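What the coordinates show
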Amino acid sequence: MAKAFFDEPRTWSQVKYKILIYYFREYFQKVNNFYHRPAVVADLFAGTGKFASGQDGSPLILSHYAREAYHATKQKNIICVAEAIRRNRQLLEDNLREYLRDGTAVMLPGDAREAGEVLLRGLSRDKPFVIFLDPFGLKGLSMELMRQIFERVDGQSTEVLLNYNEPSLYRHFGRIRKDQFSRDAVRSKDILRYCIGASDDIDKIIAGLAEGTLEFQDAVKRFTNVYLAAFRKHFRYVEIFPITEAFRSQRVKYYLLFATRSKIAFELMSDCMARTTLELGEEYNRRWQENSIFGTEHGDEALIVPDRRTPIDRIVYSMYHRVVHPVEGGVGFRREELVSWIHENFFGHYRSATIRAAIKKLLVSGTFRTLDGKSTLNDQTVLITGNN
């Protein structure tokens, strides 16, 4: 019998939840201590809150760390949740009961867009705010809601984390290519416009698909670029991180899109994603190698980290070929700039500690040297190439 969605988390959901745990375990305490005020986190596709297997879903994970931070900082963080499906909402209320009782969690009315609009109307502009959107497919992602969030970004601590289900675009595009006037195709066009907003860009994509002049892969790339561009107008840092079925070599189930104006938040999220990949990768590799059936059928290419170089060596290689050669004889970089460069170019791949270790290795090898001639490093240390 096929498993119901909320029976137990799939492998790709476990990756997502681990990222949430690592990020919000630090997020609440960091913003509480920095801003000296509580944060508000909205989970607007909250589901049931807990799986039948007993594992916590996102609403319980967020509520747990919001309350934990309160014990340390005395700031009352609030988790605002919404769920449009009545049966799921009833289960969600039951599972969140202790957090609803003490005010850590608040139930919002309506679907994600309605709940988001209610929340934003009453949300103080001085409150640190994160919105987490985890719909099934693209249905429910509202660009109109995103625009209301964009309006509060300037000068405010605002982050967006959402499930961007790029693979589902192929299903919608397929319906349009087959018969753009069919009921399914019309519904798909409505979903796409709801997600990205009415614009000439989406009209051109739809026309190209219907006329057969635009290939699916190109249409997906254009759609994603337009979607990301809407965020990049308002956020300094916008990246997507692939969540695969189980192994990095397998197909992408969806992407986590993260948007923020804060370099600290961006690097923290990149760290959390890298840590999750490393820990789950080691577990997957161990299980894969111990299982003779898997080992015989797939071999080493199934390992989540097929690259035999260490993470430090991979960073060293990247920095040498993309930083060292281009700047030989030119200006230097502060260490913090190199760390940020790696996070921006390899989002979610490497932890900051690993990046700093790679920089140290380049210093020891003579590829880098410090401008002041000292061997000690900190984030403000200026590094130049050994030939300068």
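Quick notes on the rules
The residue numbers shown here count from 1 along each chain, following its written sequence. In view of the model being predicted, local features appear only for residues whose pLDDT reaches at least 70, and side-chain atom pairs are presented and counted only at 80 or more, with totals across whole chains, interfaces and linings using the full set of residues. Only hydrogens and water are set aside when side-chain values are computed; all heavy atoms of the structure are taken into account. In this scheme, strands are said to pair when DSSP sees at least two bridges between them. Labels follow the DSSP assignment, with helices taken as runs of H or I lasting at least four residues and strands as runs of E lasting at least two, numbered in each case from the N terminus. Orientation is described by lines fitted to C-alpha atoms, with helices fitted over the stretch in contact, and by angles between N-to-C directions that extend from 0 to 180 degrees. Should any heavy atoms of two residues lie within 4.5 Å, those residues are considered in contact. Take the buried Ala, Val, Leu, Ile, Met, Phe, Trp, Tyr and Cys residues and link them wherever side-chain atoms come within 4.5 Å; each set so joined is a nonpolar core. Throughout, exposure labels follow a simple rule: accessible area from a 1.4 Å probe, protein chains only, divided by the maximum for the residue type, with under 20% read as buried, over 50% as exposed, and the rest as partly exposed. When describing relative orientation, an angle under 35 degrees is termed roughly parallel and one over 145 degrees roughly antiparallel, while 65 to 115 degrees is termed roughly perpendicular and anything else oblique. Throughout, the ten residues Ala, Val, Leu, Ile, Met, Phe, Trp, Tyr, Cys and Pro are labelled nonpolar, Asp, Glu, Lys and Arg are labelled charged, and all others, Gly among them, are labelled polar. The predictor's confidence in any single residue is recorded as pLDDT, a number from 0 to 100. Note on ring pairs: Phe, Tyr and Trp rings are taken, using the six-membered ring of Trp, and paired if centres are within 6.5 Å. Classes follow the plane angle, with under 30 degrees stacked, over 60 edge-to-face and the rest tilted. Charge-over-ring placement is defined geometrically: NZ (Lys) or CZ (Arg) within 6 Å of the ring centre, and within 35 degrees of the ring normal.

**Some thoughts on the sheet that holds strand β6 (residues 237–244)**
Spatially, the 7 strands line up as an open sheet ordered β3-β2-β1-β4-β5-β7-β6, and their pairing is mixed. The sheet is open, and its two edges are formed by β3 (105–107) and β6, each paired on a single side. Taken pair by pair, the neighbouring strands of this sheet meet at an average axis angle of 15°, ignoring direction. Against the sheet, helix α1 (residues 11–35) makes contact with β1 (40–43), β2 (78–81), β4 (129–133), β5 (158–164), β6 and β7 (252–260), and its axis sits at roughly 15° relative to β7, the strand it touches most.

**Let's talk about the nonpolar core**
Counting residues in hydrophobic clusters, the biggest one holds 49 residues, and the most contacted among them are Leu 44, Leu 162, Phe 173, Phe 223, Tyr 227 and Phe 231. At 7 residues, the largest contribution of residues to this core is made by helix α10 (residues 216–232). Judged by nonpolar contacts, the second largest core, of 44 residues, contains Tyr 23, Phe 24, Ile 79 and Tyr 237.

**Notes on the sheet that holds strand β8 (residues 333–334)**
Across the sheet, 3 strands lie side by side as β8-β10-β9; this open sheet has antiparallel pairing. Lying at the two open borders of the sheet, with one neighbouring strand each, are β8 and β9 (368–370). Sheet topology note: the β8/strand β10 (residues 382–385) ladder contains 2 bridges and is antiparallel. The partner of Arg 334 across the bridge, within β10, is Val 382. Its contacts with the sheet put helix α15 (residues 352–364) on β9 and β10, and the angle it makes with β9 is roughly 90°.

**Focus: the packing of helix α8 (residues 183–196) against α10**
Contact geometry of α8 with α10 gives a least axis separation of 10 Å together with a crossing angle of 30°. The orientation of α8 relative to α10 falls into the category roughly parallel. Where α8 approaches α10, its residues Leu 192, Cys 195 and Ile 196 are matched on the opposing element by Phe 223, Val 226 and Tyr 227. For the contact of α8 with α10, the residue count by class is 6 nonpolar, no polar and no charged.

**Some details on the pairing of β5**
In terms of residue burial, β5 counts as a mostly covered element, since 7 of its 7 residues are buried. With burial as the criterion, each face of β5 is covered, one bearing Thr 158, Val 160, Leu 162 and Tyr 164 and the other bearing Glu 159, Leu 161 and Asn 163. Here β4 runs beside β5; their pairing, made up of 5 bridges, is parallel. Along β5, the bridge assignment pairs Ile 131 with Val 160. Across 6 bridges, β5 lies against β7 in antiparallel orientation. Bridging from a neighbouring strand, Glu 159 pairs with Thr 260 of β7.

**Some points on the confidence of the model for the protein chain**
Taken residue by residue, the protein chain gives an average pLDDT of 85. The fraction at 70 or more is 83%. Low pLDDT, under 50, characterises residues 1–5; the stretch is placed with 5 contacts to residues that sit more than four places away or in other chains. Below a pLDDT of 50 lies the segment residues 325–330, which in the model reaches 11 contacts outside its immediate sequence neighbourhood of four places, other chains included.

**Brief notes about the packing of aromatic side chains**
In the structure shown here, the tally under the stated rule is 17 aromatic pairs. Summarising the aromatic geometry, the rings of Phe 34 and Tyr 35 are spaced 4.9 Å apart at their centres and angled 85° between planes, so their arrangement reads as edge-to-face. Look at Tyr 35 and you get partly exposed, because its relative accessible area is 30%. A centroid spacing of 4.8 Å and a plane angle of 20° characterise the contact between Tyr 237 and Phe 266, whose relative ring orientation is stacked. Of this pair, Tyr 237 sits in strand β6 while Phe 266 sits in helix α11 (residues 263–290); the two residues are 29 residues apart in sequence, bridging distant segments of the chain. Each member of the pair, Tyr 237 as well as Phe 266, carries the same accessibility label: buried. Among the aromatic side chains, those forming a connected cluster through ring pairs are Tyr 23, Phe 24, Tyr 27, Phe 28 and Phe 258. Taking the ring centre of Tyr 70 as reference, the NZ or CZ of Lys 76 above it sits at 5.3 Å.

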